Structures are given as structure tokens and as C-alpha cells.
Amino acid sequence: MLSHKQDLRGTDLSSAHHALTYGSRYTREPVPKYVMPVQGLPAEVAYRVIHDELNLDGNPSLNLATFVTTWMDDHAGRLMAETLSKNYIDQDEYPQTTEIQNYCVNMLARLFNAPEGEGGEAVGTGTVGSSEAIHLAGLAMKWRWRKRREVLKMDAGKPNLVMGANVQVVWEKFARYFEVEPRYVKLTKDRYVIGVEEAMAMVDENTIGVVGILGSTYTGEYEPIEALNDALEELNVKKGWEVPLHVDAASGGFVVPFTQPQLRWDFRLKWVKSINVSGHKYGLVYPGVGWVVWRDKAELPEDLVFHVNYLGGDQPTFNLNFSKGASQVLGQYYNFLFLGMDGYRAVMTSLHGIAERITSAVEGMGRFWMLSKLGHLPVVAFALNDDVMKKYGYTVFDLSEKLRERGWIVPAYTMAPDAEGIALLRVVVRESMSRDMADLFVADLQRAVEHFEHEKSQHSKQEEKRKGPQTRGVC
Ligand SMILES: *Cc1c(COP(=O)(O)O)cnc(C)c1O
């Protein structure tokens, strides 16, 4: 009988990879990183190498930084896996997939109270996320504005867009990529969203639109959309302008219709001409899917829509990209069918409850002040009291790092101009956060706070000892 040692010696390790992953040469030799290997790795090994490397990423369920979905049920998972091979753009080949995206646009237009019949005919499209949706909505505003200027035989060379300084970065991108002057309403020490009067003061004949955010990324606060609409109505009538309002409802578009249907922020308001929403945020679909809807097809200039026939049939497209996976759209439709209005309402109501629970626990710690508001997005944003920072010398950045040791990912960041003196922590309450998880998080936050305060008092005691009793009276 061969000894164990002899047995191994007789094995050709280079060909043992089919049976062994960790025992094969692939775990001893470097994995190709920057140059494509001439010969490929066995599938099992390639899978294992990548799977293991990804363990260094954060755990998506503990990622309280993101608004984006990290959990869907098994049926959604199965449906989406089955449809990974479908290209969204192949409308002629996959006509039912295109139909399903149209069902989704219809459901959303009605959810956002688009006028029907005489009043208008809503149009919209699926996008990669709110970012693409915003670029498309911004382009439509720019084109419409230019058309109006051309009809009036006036200069159309200096478009501008009015929005709060708290906009998500995509608006800055839109302004730069598509050459529109961004006009930001500055925040103040106690206003973290757009100011209506301040915004109106920036609007002029070259304004392609005003942006209202249903759920600021910074604090979750809803901007005063109805007040923006009313102020625009007054201004437009007075000046004979047609400056539209676009609502960036990336997060709130899937929250407010279920939790506060009476809140008027959508197409019920005259000047709200277009709305974007992220399907992959509170639409509860894996990344990336978003939507943009116009209240009427007249708001979407026909020369932005392209018609191609390379795939057979006439195919209208208004997207920045061409090909992309269809499974996110199908996942969205699955959620609509499975959850329905009641299901979404149940989820969103429960998230509000959890946000309230975390808010009162954080307030109860006596060290923080809140920047988020209950009844807005289920987000908990809070900053350390000045006296705590002064006394113990730690910041929200230290807390964020300390929480990371337990796996929680909670971003610490500074506010937008001109409130950047405020540094805050933000917890986005998402579908996968149960009450239990919320309590575990709060306990870990409490421990983190105590860690820094205990450390500081230990340090002061040692200082006292070192300096000796004679100096005690001086300090
Ligand atoms: C997330 C977000 C965006 C960007 O949306 P994506 O879906 O991530 O592309 C834009 N605006 C607001 C207010 C957001 O919260």
C-alpha cells in the first residue's frame, strides 16, 4: 500500500484541478490580473477565485449607505436569471418583453396621476437607472426650450437649469455633458433643500426647467414641489414663459404614492411635465432599472426619438445606450404583479416604522441631533452635538469607521454647499432591514459611542496620573 506521501508524489497536480480547487497549483500561483491568460483556468477554479476575492467586499445586507435594492424573493430571482440572455433593445425579437416594459410605463404614469384622455397621453421609457432617466428628461427640457426660443426668433445659446445645491451628482453631469448652465440654490445652516423664493429669483427666459427632488439624497427630505409649482405658475403667467418643473423622484416616487397619496407632487400639478424614478431603489428591483415618464407626448420632442430597422420592424428608441439586459424590467413587472398597491404600501409603511424606531433610539442616546424628518423618506440622518465632539474629540467619521468593524456600512459625509460645515451619518432603511436588524444596529452604535468616550476618559485619567498630583489644580 502506498503511504500518503507517496500517493501525493504520484499525483500530477497540474491536472488535478478538476477534483481539487484549493489543492491545485492555481492556489499557489498568481492569478492573472492585468494580462489576459493565454490558457484559461478551469471553470470551477475561475469561479472560486472570483467568488473568494469578492468576500473582501462589504456585505450588501449591512450596507446602510445605499438606496439600492439588495434583496428580492426567490421567484423574482428565478425569473430574472431565466431572462439574463434577453436584450431589452431587441423589440422585434422579444415583442412581449417590450410589451411588458410598456405595461410598467402605463402603471407608473397612472401611479403618478398623469392626465388621461383629453388632458394628455403620457409616454415614458425604461432606463438603466434614474441617471439615464434624468439625462433624457433634461434633454427633452432643453429641446423644448430651444424650440420655443427659435419660434420667438430669440437667442437659444445660453440655457440654464435651476435646482438645489443638494441635487444628486447626475444633475451636475447632465449640466456639464449637455452644456447647460447649472444654477444652484444654496443651502443654509437650517435649510437642506431648495428654497422656493431663492429658486424663482434664479429663473429667467433661458431657464429650461426647475428641478424638485422627492427625497433629497442627503437627508431624505421632500422638497416643496407643490410650492415650486405654484410659484412657477405665477412667474410663467406674469412673464409669459413656459418654464417646466421636473421631479426627481428617484427614491420618493415609489414611497409617497403608497404612504401619502394625498401629497401633491406629481402630474396633478400643472407644471410637472416629467418625472424620473429608480426601479432599483424603493421600486425594489436589483440594480439597474429606472423610469422616466412625461405627462404628455407633446413634452417629448419627436426629433429626440430615433427609429431604426436593423432588427426588423420599426423600432422607436429614446435611450442613451442601445443594448442592455431585459431582466430588470421583468423583475419590475414581477414586483408590480406580486406586490400590487397593497404590498408596496405594506413594505413602505413598515420601513417608516423602522426609521421611526431608529430615530427615537438615536435621539435617546443624547449625543446626536437629527437632520432627517419623520414622514419623509425612511432615512435616518444625524449629526453629533458640538459639545460631545468638543468634550470627547470624536466625529461621525470615527463612528462610521468603528461601525465598519462590525460589518455595518454607514456613510459619514458633509452637507452640500453652503451647509458643508455639518458632518452627518445616514442610515437608509430598506426592505431587507427588519426590526431585529435595526435593534442590532442601534446597539452597535451605542457601543461605538461608548468606545470613544471610554477611551477618552481612560486617556484623561492616565494623563492625570502622569502629571502627578501637584499639577492637578492647574488643569
Ligand atoms: C439615486 C438618485 C439619483 C441617481 O439614480 P440612479 O438610479 O442611481 O442612477 C438621482 N437623484 C436622486 C435624488 C437619487 O436619490
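Being a predicted model, the structure only gives us computed values, none of them experimental. (Residues numbered from 1 in each chain as written. Predicted model: local features only at pLDDT ≥ 70, side-chain atom pairs only at ≥ 80, totals over all residues. Heavy atoms only, no water.)

Draft legend 1. Looking closely at the site of the ligand. The immediate surroundings of the ligand are formed by 15 residues, with Ser131, Asp248, Ser278, His280 and Lys281 found nearest. A distance of 2.8 Å separates an oxygen atom of the ligand from a polar backbone atom of Ser130. At 3 residues, the largest contribution of residues to the shell around the ligand is made by helix α5 (residues 130-151). Partitioned by chemical class, the residues of the shell around the ligand number 4 nonpolar, 9 polar and 2 charged. (Near = heavy atom within 4 Å. Polar contact = N/O pair within 3.5 Å; in protein donor to acceptor, adjacent residues only side chain to side chain. Helix = DSSP H or I, 4+ residues; strand = E, 2+ residues; numbered from the N terminus. Nonpolar A, V, L, I, M, F, W, Y, C, P; charged D, E, K, R; others polar.)

Draft legend 2. Just the sheet that holds strand β2 (residues 160-164), in detail. With mixed pairing, the 7 strands of this open sheet are ordered in space as β1-β7-β6-β5-β4-β2-β3. Each having just a single partner strand, β1 (123-127) and β3 (181-185) make up the two edges of the open sheet. On average, each strand axis in the sheet is inclined to that of its neighbour by 20°, with strand direction left out of account. Here β2 runs beside β3; their pairing, made up of 5 bridges, is parallel. In the sheet register, Met163 faces β3, and the bridge partner there is Tyr184. Running at roughly 25° to strand β7 (residues 290-294), α5 makes contact with β1, β2, β4 (207-213), β5 (245-248), β6 (272-278) and β7 of the sheet. (Pairing = 2+ DSSP bridges. Axes fitted to C-alpha atoms, helices over the stretch in contact; angles between N-to-C directions. Contact = heavy atoms within 4.5 Å.)

Draft legend 3. Highlighting the packing of helix α4 (residues 95-111) against helix α10 (residues 327-364). Close contact between α4 and α10 brings their axes to 9 Å; oriented N to C, the two are set at 50°. Judged on the interaxial angle alone, α10 and α4 are oblique. Seen from above, α4 lies across α10 with left-handed handedness. From α4, Thr97, Ile100, Gln101, Tyr103, Cys104, Met107, Leu108 and Leu111 reach across to α10, where they touch Val329, Leu330, Gln332, Tyr333, Phe336 and Met341. Per-class residue counts for the contact of α4 with α10 are 11 nonpolar, 3 polar and no charged. (Parallel < 35°, antiparallel > 145°, perpendicular 65-115°, else oblique. Left-handed = near helix turned anticlockwise from the far one by under 90°.)

Draft legend 4. Representation of unusual backbone geometry in the model. Put simply, Pro287 and Gly288 share a cis peptide bond, and its omega is 0°. Locating Gly288 in the fold gives a position in the loop between β6 and β7. Across the junction of Pro417 and Asp418, the peptide omega takes the value -5°, indicating a cis bond. Inspection of the secondary structure puts Asp418 in the loop between β12 (412-414) and β13 (423-428). If you check the backbone angles, Asn113 has positive phi at about 60° while not being a glycine. With respect to the helices and strands, the residue Asn113 is situated in the loop between α4 and β1. Using a relative accessible area of 34% as the deciding quantity, one classes Asn113 as partly exposed. (Buried < 20%, exposed > 50% of the residue type's maximum accessible area, 1.4 Å probe, protein only.)

Draft legend 5. Local environment of the packing of aromatic side chains. Summed over all chains, the structure comprises 15 aromatic pairs. Three or more aromatic residues joined by ring pairs form one cluster here, namely Phe254, Phe258, Phe336 and Tyr344. Sitting above the plane of the Trp143 ring, Arg146 keeps its charged end 4.4 Å from the centroid. The ring of Tyr88 is capped by Lys324, whose NZ or CZ atom sits 4.0 Å from the centre of that ring. (Phe/Tyr/Trp six-rings, centres within 6.5 Å; stacked < 30°, edge-to-face > 60°. Lys NZ or Arg CZ within 6 Å of the ring centre and 35° of its normal.)

Draft legend 6. Molecular detail of the nonpolar core. Ile358 and Phe441 are the most contacted members of the largest nonpolar core, which totals 94 residues. At 14 residues, α10 tops the list of elements feeding residues into this core. No fewer than three residues from each of domain 2 (78-338) and domain 3 (349-466) sit in this core. In contact with Ile358, not counting residues within four places along its chain, are Val380, Val427, Val429, Met433, Ala438, Phe441 and Val442. Ranked by size, the runner-up nonpolar core spans 24 residues in total, among them Trp145, Val167, Trp294 and Phe318. (Core = buried A, V, L, I, M, F, W, Y, C linked by side-chain atoms within 4.5 Å. Domains from an automatic or database assignment.)

Draft legend 7. A look at the sheet that holds strand β10 (residues 368-370). Read from one edge to the other, the open sheet built from 4 strands follows the order β10-β11-β13-β12, with strand pairing classed as antiparallel. Each edge of the open sheet is held by one strand with a lone partner, namely β10 and β12. Strand-to-strand twist in this sheet, taken as the mean axis angle between neighbours without regard to direction, amounts to 40°. Along the sheet, α10 makes contact with β10, β11 (379-384) and β13, crossing β11 at roughly 10°. The strands touched by helix α12 (residues 396-404) are β10, β11, β12 and β13; relative to β13, the strand with the most contacts, the crossing angle is about 35°.

Draft legend 8. Examining the pattern of salt bridges more closely. Taken as a whole and judged by the stated rule, the model has 22 salt bridges. Ionic pairing is found between Arg264 and Glu226, a salt bridge with its closest N-O pair at 3.1 Å. You can see Arg264 sitting in the loop between α9 (256-259) and β6 and its partner Glu226 sitting in helix α8 (residues 225-239), a full 38 residues away along the chain. According to the relative accessible area criterion, Glu226 is partly exposed, its value standing at 33%. (Salt bridge = Lys/Arg side-chain N within 4 Å of Asp/Glu carboxyl O.)

Draft legend 9. Inspection of the pairing of β6 at higher detail. Most of β6 sits inside the fold, with 7 of its 7 residues counted as buried. Relative to β6, β5 runs parallel, the two being bridged by 4 bridges. Counterpart to Leu245 in the pairing with β6 is Val272. In this structure, β6 lies alongside β7, joined through 5 bridges in antiparallel fashion. Across the sheet, the residue bridging to Ser274 is Trp294, located in β7.

Function cannot be read off these values alone, since they describe shape.
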